[in-house]
Amino acid sequence: MREPLRSLLGILAIATLLAAATAAFRPGVRALLRDAPRADETTLAAARDHRGPLLWLDARPAADFSRAHIPEALPLTAEEWDAQIVAVIQRWQPGTRVIVYCDDRACGASRHVAEKLRREYQFDDVRVLHGGWHAWREASGQ
Amino acid sequence: MRRMATLPLRASRRASAFVAVAALATAASAELKWDSAELTAKIRAQEAETHASFGFVNAGAQPVTITEIRPGCGCTVPALAKSTFAPGERGEFTIAYHPGNREGRHRVDITVTTDDGASSTVAFVADIEALVSFDTRFVFWKGNEPRHPKRIRLTFAPDQHARLTEAQSSDPRFGVTFRAVGDTGREFEIEVTPPAEVLNYTAITLHTVVGEDQTARQFTVVARTM
């Protein structure tokens, strides 16, 4: 009885290892494995814990923003920058934490907006929301 | 002797099981293998659109159908002529990238999803020449700060045949003037004088002409009292 049991356990161990290896090489799983906040990112939990003025900026395309967005967020995209930046500046004051989000885990749009605000507008506290719009939706049960 | 005979047999069974499991794992992972997971393009300041194509091969053992191509930016429009690919078959999708008012390095991640539920991400990196650069595009005065004029410096990229023709303030209480500075003909200084009141702002539209055909381009900078 021991030999078949040992063989079965061996096969199960090999299958588990293969499944893990296959999963680890799949891009979606790889993304999850490396899914730790970068230096310029903030998590939703940290944003909620933040004490002080907070300004949400939505870097997604206009149609997505129209469908739904984080409450009180303002749209700011490269396409409509000059038309949208004035409203952002009206809401901003020194000491405001700005959090930019878009809709993909590896979204470049929010990072582009954040960099531009730091470089050209001297906004001193700009972060990118880790997980973006998806993180917000999951947390709010949408 | 009996023991000697059973050992290879057990090893053979294990090897068969290993091969079966490996085959199952391979069959389940029909995935795309990209020629290059990241493409970079240099884009000139006045280029309105550029194209790129991502080539791939179906490296899995099953046919695969691309169900979605999702760029992380509305500036990028993907196109796919054919969506289902046999094992070993080559394919490609193209993108049209519109830089708009962007400048510098801009990365667009593009997520490709297939019918087996797998997704992979490729990236298009645009290195966009800046037509104009500013030392800042926003000046402000805090509540108790003296209302002295502040300056914004604008520099056109070389060989653009560009100049600043007008600076227009949306709020006339902000005084706005500009002048050419330096000896390159590419640098301009915009001086903004604020009103005494707090909580005012102005959007200053900078009218420029660019290129041999003197195309009109506008840029906005902002001033605010707090």
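Residues numbered from 1 in each chain as written. Chains lettered and ligands numbered in written order. Predicted model: local features only at pLDDT ≥ 70, side-chain atom pairs only at ≥ 80, totals over all residues. Heavy atoms only, no water.

1. Overview of the sheet that holds strand E2 (residues 54-58) of chain A
Strand-to-strand pairing in sheets goes through backbone hydrogen bonds, with the strands running parallel or antiparallel. Residues and elements named next belong to chain A. Spatial strand order, E1-E5-E4-E2-E3: 5 strands in an open sheet with parallel pairing. What marks the edges here is a single partner per strand, and that holds for strand E1 (41-42) and strand E3 (74-75). Direction of pairing for strand E4 (residues 97-101) relative to strand E5 (residues 126-129): parallel, over a ladder of 3 bridges. Paired with valine 98 across the bridge in E5 is valine 126. (Pairing = 2+ DSSP bridges. Helix = DSSP H or I, 4+ residues; strand = E, 2+ residues; numbered from the N terminus.)

2. Description of unusual backbone geometry
A positive phi angle, near 70°, is found at Glu72(A), a position not held by glycine. Tracing the chain through its elements places Glu72(A) in the loop between helix H4 (62-67) and E3. Residue class for Glu72(A) comes out exposed when judged on its relative accessible area of 65%. Although it is not a glycine, Gln214(B) sits at a positive phi angle of roughly 55°. (Buried < 20%, exposed > 50% of the residue type's maximum accessible area, 1.4 Å probe, protein only.)

3. Considerations on the nonpolar core
The tendency in soluble globular proteins is for nonpolar side chains to be buried as a group. Grouped together as the largest cluster of nonpolar side chains are 27 residues, with contacts concentrated most on Leu57(A), Ile85(A), Val98(A), Leu117(A), Phe123(A) and Phe138(B). Breaking this core down by element, the ones donating at least two residues are E2, helix H5 (81-91), E4, helix H6 (108-121) and E5 of chain A together with strand E11 (138-141) of chain B. Those residues in contact with Phe138(B) that sit more than four places away from it in its chain are Ile89(A), Trp92(A), Glu120(A), Tyr121(A), Gln122(A), Phe123(A), Val222(B), Arg224(B) and Met226(B). (Core = buried A, V, L, I, M, F, W, Y, C linked by side-chain atoms within 4.5 Å. Contact = heavy atoms within 4.5 Å.)

4. Details of the packing of H5(A) against H6(A)
All names here are of chain A. Where H5 contacts H6, the two axes come as close as 13 Å, and the packing angle between them is 70°. With respect to their mutual orientation, H5 and H6 come out roughly perpendicular. Contacts between H5 and H6 involve Trp81, Ile85 and Ile89 from the first element and Val113, Lys116, Leu117 and Tyr121 from the second. A class-by-class count of the residues in the contact of H5 with H6 yields 6 nonpolar, no polar and 1 charged. (Axes fitted to C-alpha atoms, helices over the stretch in contact; angles between N-to-C directions. Parallel < 35°, antiparallel > 145°, perpendicular 65-115°, else oblique. Nonpolar A, V, L, I, M, F, W, Y, C, P; charged D, E, K, R; others polar.)

5. Comments concerning the sheet that holds strand E5 (residues 76-79) of chain B
Residues and elements named next belong to chain B. Spatially, E1-E3-E7-E5 is the arrangement adopted by the 4 strands of the open sheet, whose pairing is antiparallel. Pairing within the sheet leaves two strands with one partner each, and these edge strands are strand E1 (32-34) and E5. The average undirected angle you get between the axes of adjacent strands in this sheet is 35°.

6. Quick word on the state of the cysteines
Two cysteines joined by a covalent bond between their sulfur atoms form a disulfide. All names here are of chain B. For the coordinates displayed, the defined rule picks out 1 disulfide over all chains. In this model, cysteine 73 is linked to cysteine 75 through a disulfide, with the two sulfur atoms separated by 2.2 Å. Negative torsions about the S-S bond denote left-handed disulfides, and the value of about 140° found for cysteine 73 with cysteine 75 makes this one right-handed. Overall, cysteine 75 belongs to the buried group, its relative accessible area being 2%. (Disulfide = S-S within 2.5 Å.)

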